[in-house]
Amino acid sequence: MTEYGTFPGARPRRLRTTPAMRRMVAETRLHPADLILPAFVREGISEPVGIGSMPGVVQHTRDTLKKAAVEALEAGVSGIMLFGVPEDAKKDALGTAGTDPDGILQVALRDVRAEVGDELIVMSDLCLDEFTDHGHCGVLDAEGRVDNDATLERYAEMAQVQADAGAHVVGPSGMMDGQVGVVRDALDTIGKEDVSILAYTAKYSSAFYGPFREAVGSSLTGDRKTYQQDPANVRESLRELALDLEEGADMVMVKPAGPYLDVLAKVAESVDVPVAAYQISGEYAMIEAAAERGWIERDRAIMETLLGIKRAGANMILTYWATEAARWMR
């Protein structure tokens, strides 16, 4: 009992009484412009190919990719991140299809850029794993280890052909030491100073990448633990962050998103550049699988995970639900 009324005097529930009240006092808000759509384009197919472990996601043809880009634009999504899937016969030890101006990723970049112009940010994954016959993100040495510095030479060339093909943003994702600096120099050398770099700063060696490897037709043998980060570490991510910023990263990313919200929050608190988080294939697959079995409410679960990523500090979220979720917000 208090002088002014009965206990309790503080009643936070007053601010939860109606949808309008909850909306008014919400501390975190999602907007379609927060979202980026990752999309796969596969060489040599005439119809989209569904990805078994990612219900609702497909490997696009060139034509359906252009349609997906327009749909994302119309929904208010900010960008599209493209991943190329070459024909198996074109994979080799150096990933040369990834630097071929007529390779599937470069062709797709030109297609999408011609379709959407500057209205949608066209982003390009800058990595060799889709294009190598061994499935690693770089060039292998004589002992089968990923050769960091030889890989950087390939990334420089890859950055240039992607920029020439129309990418607004390149995303070096291989976790090679020095990759951001090399890519920045390569872009500036050919007069592409306006092309931005979204650095995959904290990319962890995660069990949640499994469906993605199906999506890109990965030929991986072994694992990527010598270059992707150990899930046990946080300080390591902050060191990577400092190096990427020093080398010229315009934006930084944490990947995966959901299992690493603590890392995302620390990164967001530490920088004055935009921060992205990638809600990856395994995160997508878990919700879709549970919803298919009636174990969770699909739409609510999607929005709750996106809100949690935004609340942890992400300015942009790469998610396979980007277009669908953006439509819900409009």
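What you are looking at is a predicted structure, and each value in this text was computed from that prediction instead of being measured.

Reading the values: the criteria
- Residues numbered from 1 in each chain as written.
- Predicted model: local features only at pLDDT ≥ 70, side-chain atom pairs only at ≥ 80, totals over all residues.
- Heavy atoms only, no water.
- Axes fitted to C-alpha atoms, helices over the stretch in contact; angles between N-to-C directions.
- Helix = DSSP H or I, 4+ residues; strand = E, 2+ residues; numbered from the N terminus.
- Parallel < 35°, antiparallel > 145°, perpendicular 65-115°, else oblique.
- Left-handed = near helix turned anticlockwise from the far one by under 90°.
- Contact = heavy atoms within 4.5 Å.
- Nonpolar A, V, L, I, M, F, W, Y, C, P; charged D, E, K, R; others polar.
- Salt bridge = Lys/Arg side-chain N within 4 Å of Asp/Glu carboxyl O.
- Buried < 20%, exposed > 50% of the residue type's maximum accessible area, 1.4 Å probe, protein only.
- Core = buried A, V, L, I, M, F, W, Y, C linked by side-chain atoms within 4.5 Å.
- Polar contact = N/O pair within 3.5 Å; in protein donor to acceptor, adjacent residues only side chain to side chain.
- Right-handed = clockwise from strand over helix to strand, strands pointing away.
- Expected span 1.5 Å × (residues − 1).
- Arc of directions from axis to C-beta.

Caption draft 1: Seen up close, the packing of helix α9 (residues 281–292) against helix α10 (residues 298–312). For the pair α9 and α10, the least separation of the axes is 9 Å and the interaxial angle reads 160°. Classed by the angle they form, the pair α9 and α10 counts as roughly antiparallel. Viewed along their axes, α9 and α10 form a crossing whose handedness is right-handed. Of the residues in α10, those in contact with Ile287, Glu288 and Ala291 of α9 are Arg298, Ala301, Ile302 and Thr305. Each residue belonging to the contact of α9 with α10 can be placed in one class, and the counts come to four nonpolar, one polar and two charged.

Caption draft 2: A look at the pattern of salt bridges. Per the stated rule, a full pass over the model turns up 16 salt bridges. The salt bridge involving Arg110 is made with Asp102; its shortest N-O contact spans 3.5 Å. We classify Arg110 as partly exposed; its relative accessible area is 34%. On the basis of relative accessibility, which here comes to 56%, the residue Asp102 falls in the exposed class.

Caption draft 3: Seen up close, the nonpolar core. Counting residues in hydrophobic clusters, the biggest one holds 95 residues, and the most contacted among them are Phe40, Ile80, Leu82, Tyr155 and Tyr278. Non-local contacts of Tyr155, meaning those with residues more than four positions away in its chain, are made with Leu126, Cys127, Leu128, Cys137, Gly174, Met176, Gln179 and Val183.

Caption draft 4: The environment of Ser281, seen in detail. Summarising the element assignment, Ser281 is placed in helix α9. For Ser281, a relative accessible area of 1% corresponds to the buried category. Leaving out residues up to four positions away in the same chain, Ser281 has contacts with Met54, Phe208, Tyr209, Gly210, Pro211, Phe212 and Tyr320. Here the side chain of Ser281 touches Phe208 through a polar contact of 3.3 Å, landing on its backbone oxygen.

Caption draft 5: Focus on the pairing of strand β5 (residues 121–126). Burial analysis of β5 places five of its six residues in the buried class, which makes it a mostly covered element. For the crossover that starts at strand β4 (residues 79–85), traverses helix α3 (residues 104–116) and ends in the parallel β5, the hand is right-handed. The β-α-β motif built from β5, the intervening helix α4 (residues 148–165) and the parallel element strand β6 (residues 169–172) has right-handed crossover chirality.

Caption draft 6: How the structure looks around unusual backbone geometry. A cis amide bond, omega -5°, links Lys255 with the succeeding residue Pro256. Looking at the element boundaries, Pro256 is found in the loop between β8 (251–255) and α8 (261–270). Even without glycine at this site, Met175 takes up a positive phi of about 60°.

Caption draft 7: Structural view of helix α2 (residues 62–75). Given a rise of 1.5 Å per residue, 14 residues ought to cover 20 Å, and the 20 Å separating the end C-alpha atoms of α2 matches this to within 8%. Looking only at α2, the buried set comprises Leu65, Ala68, Ala69, Ala72 and Ala75. Considered in projection along α2, the buried side chains sweep an arc of 130° and stay on one side of the axis. Residues Asp63, Lys67 and Glu74 are exposed on α2 and point more than 90 degrees away from its buried face. Residue Gly76 follows α2 closely and has a positive phi angle near 100°.

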